[in-house]
Every structure is written in C-alpha cells, then in structure tokens.
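Reading the structure
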Amino acid sequence: MANLAGVTVIEAQTSGEAQTSGEALTAGPVPPRVSIVVPMRDEAEAASWLIDEIFTTCAALAPLEVIVVDDGSRDGTVAQVRALMARHPGLRLLAHAQSAGQSAAVHSGVLAARAALVCTMDGDGQNPPADLPRLVAPLLADAAGRVGLVAGQRVGRKDTFAKRLASRFANGLRGWLLKDGTRDTGCGLKAFRRTAYVALPYFDHMHRYLPALFNRDGWGVVLVDVGHRERAAGRSKYTNLQRALVGLHDLVGVAWLIRRRKKAVAAEWPALPHAAPVPVPEPAEWRLEQTHG
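This section reports on the structure supplied with the text. (Residues numbered from 1 in each chain as written. Predicted model: local features only at pLDDT ≥ 70, side-chain atom pairs only at ≥ 80, totals over all residues. Heavy atoms only, no water.)

A few points about unusual backbone geometry
Put simply, the rule reads: Helix numbers and strand numbers start at the N terminus; a helix is a DSSP run of H or I with at least 4 residues, a strand a run of E with at least 2. Whether a residue is buried, partly exposed or exposed follows from its accessible area with a 1.4 Å probe, protein chains only, as a fraction of its type maximum: under 20%, in between, or over 50%, in that order.
With omega at 0°, the peptide bond leading from Ala62 into Pro63 counts as cis. You can see Pro63 is positioned in the loop between helix H1 (44-57) and strand E5 (64-71). Backbone geometry places Asp42, a non-glycine residue, at a positive phi of 55°. Topologically, Asp42 is positioned in the loop between strand E4 (34-40) and H1. Non-glycine residue His205 carries a positive phi angle of around 75°. Tracing the sequence through the fold places His205 in the loop between helix H6 (194-198) and helix H7 (210-216). Given the relative accessible area of 17%, His205 is considered buried.

This is how it looks when you write it as structure tokens:
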C-alpha cells in the first residue's frame, strides 16, 4: 500500500494481500486500451456485482483497467473491492483517507489511469456499464483527433420527482449561462482523452461542467443518450438545496474561466519550419449528437 499525494494506492499480489510499491500507478505488463474510473463512497452493497458487470459488459474494450476510487467510505466498500482483485487482474483500488467529493475522486483516478482514453461512471449502480463501449466508440473513430469528450445524457431517469425538477432547472440555468448545448451534465457516464482532461483547471464539482470546460479548450463534444437505473446502494451526497447553493458559485466561476481563457498565439523568432506557431483553439463550434441505440 503506497500513499501518493494523499491518495492510498492498493494493489493485489498473487497471495491476495496488498503490495507496497512506489511504482504501483504504472505497474502492469500490457498498457490498457481504456481506463474506467469509478468513484465510490459507502457503496458496499453495489461494489461487488457492479465491478463484475463492468468487466463483463465492457469486454470488447479489453485490455482495460477499472480504477475504483474510494472516497473515505465508512462501510465495507474497500473490503469488497479488495476481495475482487484476485478475480479481476485489471482492477485497481485507490482510497482517500477522508471524503473529498466526487470531482476529487474522479481526478485522482484519472491521474492514476494508464490508458489514453478514460471513462467515468457513478458507483451506486444507476449508470449501466453496458453503455460505456458506445461512449468510447466516437473517440476511437475520431481519426482527426477533434473529439475530446463524449458525455452521456440520461433517458428515463429513475430519480425522485423533486431531484429531476431541480436538475432540470439547474441544467437550464447552466445552459443559458455557459452555452454548452448539453441538457444533462450531471450524468456520470463520460469518456474522454486523458491528456485533455488533465489540462483542465481543477476545482471541486468540476465533473458537472466538463462539456463547457472541454469546449473552452477547443475540443469537440459528442452527446450520447444513455440509460438510467434505480439506485442500488448508498444515498445522494447532497440535498437539492445544497446542490443549488454550490452550483451558483460554480456557475460564476466557470463562466469566468471561459471568458478568461488564453487567446494569445506565440511564434518563435527567428521563424523556423519546426517552430510554426500553433493557434490557440477557440471554443468548439461543432457538436455531434447520437441517439440511444
């Protein structure tokens, strides 16, 4: 077990015990094609079957790794995940000593990821893992390298009426202010280029603004309709009021980041063929939307 910048990395040995290694984040003979990051907090009831489901339904993406980031759970989530490591060699476990929030958990997982393409999904069982290959597909097909993010858009949400109403209002306000063209940024199902994500400015709750942030950096955003299921474990970490109060501050901050993006272009002098200036990307003006198949 190694502690790196406040994140405990737990890897399995053949004996089933955790190993201690400063190189745990880069271990493994075959680099994965896709990394799937799953933040969890007190999700012990769902951890085992959800991880099994991920490896089963995402087999077409192999070789893959699944990185569970435990965000300060106080139940048996860590024990459940560790028990599965012998069965799933591609399973990795990171743990925060105390809860830092979903965005922090996702960020820790992406930094640890070894694949160029990363997927995220919630750990409560509401996101169907079977939708992940459809999210990865536009990135794999993007020969021009223009697509940075594929964002899931939930269809037939299974949340309470109050939560759906609050979400609809928040999405409407966010869309009006940020012009991100996305009806559902709260969906945990996303796929993106790791290098593009790590270049984004980090802040708590940033996972709700990824379309606007990728757009800000000039990346194309693809929207894909995905399914939604009843919550199988855990509970919502925020009330509607708490989510609204935090969201107002975040909206102002993200709008400021978009307005203050870098616009200058640097050119090396004397001008050399290999030193041609690279234009700073403007926010992407194109968007491809796919429907749920």
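From this point on, the discussion continues.
Structural notes on helix H4 (residues 132-141)
To keep it simple, the criterion reads: Here the arc refers to the set of directions running from the helix axis out to each C-beta atom.
Inspection of H4 places Leu132, Leu135, Val136, Pro138 and Leu139 among the buried residues, and these make up the whole buried set. Summarising the axial view, the buried residues of H4 lie within an arc of 150°, below the 170-degree limit, and thus occupy one face.

None of the figures reported here should be taken as evidence of function without further support.
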